[in-house]
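Given next are the chains, with one letter for each unit.
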Amino acid sequence: MRVVIADDEPLVVEGVRTVLEAAGVEVAATAHNGHDALAAVERHRPEVALLDLHMPRMGGLEVVERLGAVAPGTRALVLTSFGDQANVLAAVERGAAGFVLKTCAPEELVTAVRAVATGEAYLSPVVTRMVLGLVAPESAPRRRDAVERVAKLAAREREVLELVAEGLSNAEIAGRAHMSEATVKTYVSRVLAKLGCANRVQAAMLARDARG
């Protein structure tokens, strides 16, 4: 598992590097601006790009957007703060795989990186509520569209979707729904594919729209 860390604050970069390396995660490179972050990702092809949203020479949002073309196998984990709500929503729309708050515990940071590196998504309930709180009540046409899309899911898939919408991790869903984590991962992938969602936040928003 290799990670590229990008943040314009050197102290943040070194702190994150220390936490990850202590947990056995290889830090392939670090960067202090978006341009260098994208170049590092293209050079090293890490599993995860841990990105701040506010960087010079190319913001984190643009890096997220370009990752698919530069390194399709690299997934974006956004390093954010409570003041970044609008940008977090934009990152969701661009397909970021996860979000971790800068105030999180070291253990949560490691958990988030490992989840994203293995093809899952990491989204804490705090970030889920933050994002959903930004979205205004939807129009009737959008709600109808959401209802129609969710209706295509089987009952068990809808159950998993509702748990995803609560911001639960795969492990937490497994405990709540009495499934193995591997089964949950399969269900989540199937749900995202059927709904046409790029990540769990988009699925959570769709679930909320469908509920009205």
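Whatever comes next refers back to the structure up there.
A few points on the structure.

The rules behind each value
Residues numbered from 1 in each chain as written. Predicted model: local features only at pLDDT ≥ 70, side-chain atom pairs only at ≥ 80, totals over all residues. Heavy atoms only, no water. Helix = DSSP H or I, 4+ residues; strand = E, 2+ residues; numbered from the N terminus. Rg over C-alpha atoms; globule rule 2.2 N^0.38 Å. Buried < 20%, exposed > 50% of the residue type's maximum accessible area, 1.4 Å probe, protein only. Contact = heavy atoms within 4.5 Å. Areas by Shrake-Rupley, 256 points an atom, 1.4 Å probe, with all protein chains shown as cover. Expected span 1.5 Å × (residues − 1). Axes fitted to C-alpha atoms, helices over the stretch in contact; angles between N-to-C directions. Parallel < 35°, antiparallel > 145°, perpendicular 65-115°, else oblique. Nonpolar A, V, L, I, M, F, W, Y, C, P; charged D, E, K, R; others polar. Pairing = 2+ DSSP bridges. Right-handed = clockwise from strand over helix to strand, strands pointing away. Salt bridge = Lys/Arg side-chain N within 4 Å of Asp/Glu carboxyl O.

### Brief notes about the overall build of the protein chain
Stage number 1. Within the protein chain one finds eleven helices and six strands.
Stage number 2. Relative to its length of 212 residues, the protein chain is compact, with a C-alpha radius of gyration of 17 Å against a globular reference of 17 Å.
Stage number 3. The C-alpha extent of the protein chain, read off along each of the three principal axes, is 45 × 35 × 30 Å.
Stage number 4. Across the 212 residues that make up the protein chain, the buried fraction comes to 50%.
Stage number 5. Taking the contacts inside the protein chain whose residues are at least 6 apart along the sequence as the reference set, 66% of them involve residues at least 24 apart.
Stage number 6. For the protein chain, the accessible area works out to roughly 9,600 Å², and carbon and sulfur atoms hold 52% of it.

### Quick word on helix H11 (residues 200–211)
Stage number 1. For H11, which comprises twelve residues, the first-to-last C-alpha distance of 17 Å matches the rise-based estimate of 16 Å (1.5 Å per residue) to within 8%.
Stage number 2. Counting buried positions over the twelve residues of H11 gives ten, a clear majority of the element.
Stage number 3. Of all the positions in H11, only Arg200, Val201, Gln202, Ala203, Ala204, Met205, Leu206, Ala207, Asp209 and Ala210 are classed as buried.

### Details of the packing of helix H9 (residues 170–177) against helix H10 (residues 181–195)
Stage number 1. As a packed pair, H9 and H10 sit with axes 9 Å apart at the nearest point and diverge in direction by 105°. Compared by their axis directions, H9 and H10 come out roughly perpendicular. Of H10, the residues touching H9 (which contributes Asn170, Ala171, Ile173 and Ala174) are Glu181, Val184, Lys185 and Val188.
Stage number 2. When grouped by side-chain class, the residues that make up the contact of H9 with H10 number five nonpolar, one polar and two charged.

### Some points on the environment of Glu107
Stage number 1. Position of Glu107 relative to the elements: it lies in helix H5 (residues 106–117).
Stage number 2. C-alpha of Glu107 to C-alpha of Glu65: the two residues are 42 residues apart in sequence and 28 Å apart in space.

### Quick word on the sheet that holds strand E4 (residues 75–80)
Stage number 1. Read across the sheet, six strands follow the order E2-E1-E3-E4-E5-E6 without closing on themselves; strand pairing throughout is parallel. Because the sheet does not close on itself, it has two edges, and the strands there are strand E2 (26–31) and strand E6 (122–123).

### Considerations on the pairing of strand E3 (residues 48–52)
Stage number 1. In terms of residue burial, E3 counts as a mostly covered element, since five of its five residues are buried.
Stage number 2. Neither face of E3 is left uncovered, since the one carrying Val48, Leu50 and Asp52 and the one carrying Ala49 and Leu51 both have all their residues buried.
Stage number 3. Here strand E1 (residues 2–6) pairs with E3 via four bridges, running parallel. Note on E3: the bridge partner recorded for Ile5 is Leu50.
Stage number 4. In the sheet, E3 pairs with E4 via five bridges, with the strands oriented parallel. Following the sheet pairing, Leu51 is matched in E4 by Val78.

### Observations regarding the pairing of E4
Stage number 1. Counting buried residues along E4, five of its six residues qualify, which places the element largely inside the surrounding structure.
Stage number 2. Remark: the E3/helix H3 (residues 60–70)/E4 crossover connection has right-handed handedness.
Stage number 3. Note: E4 against strand E5 (residues 98–101), four bridges, orientation parallel. Looking at the pairing, Leu79 lines up with Val100 of E5.

### Points about the pattern of salt bridges
Stage number 1. Scanning all chains against the criterion turns up twelve salt bridges.
Stage number 2. Note that Arg94 is salt-bridged to Glu65, the shortest N-O span being 3.7 Å. Of this pair, Arg94 sits in the loop between helix H4 (85–93) and E5 while Glu65 is found in helix H3, placing the two residues 29 residues apart along the sequence.
Stage number 3. Arg94 gets classed as partly exposed once you look at its relative accessible area, which sits at 35%.
Stage number 4. Residue classification places Glu65 among the exposed residues on the basis of a relative accessible area of 51%.
Stage number 5. Measuring nitrogen to oxygen at the nearest pair gives 2.6 Å for the salt bridge that ties Arg156 to Glu159. With Arg156 and Glu159 both in helix H8 (residues 155–165), this residue pair falls three residues apart, about one helical turn.
Stage number 6. Residue classification places Arg156 among the partly exposed residues on the basis of a relative accessible area of 29%.
Stage number 7. The partly exposed category is assigned to Glu159, whose relative accessible area is 31%.

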